[in-house]
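Remarks on the overall topology
Below are the chains, spelled out letter by letter.
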Amino acid sequence: MGATYISSYLFLSSFGSYVSTQSGSIRYTSGLSVTDTEMWQPKLVRWRIFWDVSGKRTVQANPLGYFYAPLIYLDQKTVHKTRCLIPAPCAGEKT
């Protein structure tokens, strides 16, 4: 089962791409978050750590994102690192 889980993730990741998104760390005065990062997302999968308007760290994902969450997190931290579009703060760092 574990090998199938990992190999299915690797298949989806091989067709993935970087997506411009918001970490929630930088906001306009209206409260809307600024697009400040590019995060790796496997094909058909969406998962990200996000700071909500009240300052709480949350996860936003689709069902496949929740299913593959541990592998996505590991992938984004080691292989496909999040890219900063605005120098600081970046990638969900909270100031």
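It should be noted that the structure appears before, not after, this text.
How each quantity is defined
- Residues numbered from 1 in each chain as written.
- Predicted model: local features only at pLDDT ≥ 70, side-chain atom pairs only at ≥ 80, totals over all residues.
- Heavy atoms only, no water.
- Phe/Tyr/Trp six-rings, centres within 6.5 Å; stacked < 30°, edge-to-face > 60°.
- Helix = DSSP H or I, 4+ residues; strand = E, 2+ residues; numbered from the N terminus.
- Buried < 20%, exposed > 50% of the residue type's maximum accessible area, 1.4 Å probe, protein only.
- Lys NZ or Arg CZ within 6 Å of the ring centre and 35° of its normal.
- Pairing = 2+ DSSP bridges.

On to the packing of aromatic side chains, then. Enumeration according to the criterion identifies seven aromatic pairs in this entry. With centroids separated by 5.6 Å and ring planes inclined at 50°, the aromatic side chains of Tyr 9 and Tyr 68 adopt a geometry described as tilted. With a gap of 59 residues between them, Tyr 9 in helix α1 (residues 2–14) and Tyr 68 in the loop between α2 (63–67) and α3 (69–78) connect regions that are remote in the sequence. Ring geometry for Phe 67 against Tyr 68: centres 4.8 Å apart, planes inclined by 80°, an arrangement best described as edge-to-face. Given the relative accessible area of 43%, Phe 67 is considered partly exposed. The ring of Tyr 18 carries Arg 83 above its face, with NZ or CZ at 3.6 Å from the centroid.

The element strand β3 (residues 47–51) is extensively covered by neighbouring structure, given that five of its five residues are classed as buried. Going residue by residue along β3, you find Trp 47, Ile 49 and Trp 51 tucked away on one face and Arg 48 and Phe 50 tucked away on the opposite face as well. Summarising the sheet, β3 and strand β4 (residues 57–61) pair through five bridges and their orientation is antiparallel. Pairing of Ile 49 across the sheet is with Val 59, part of β4. The turn joining β3 and β4, which pair antiparallel and follow one another in sequence, is formed by five residues; a positive phi near 90° is taken by Gly 55.

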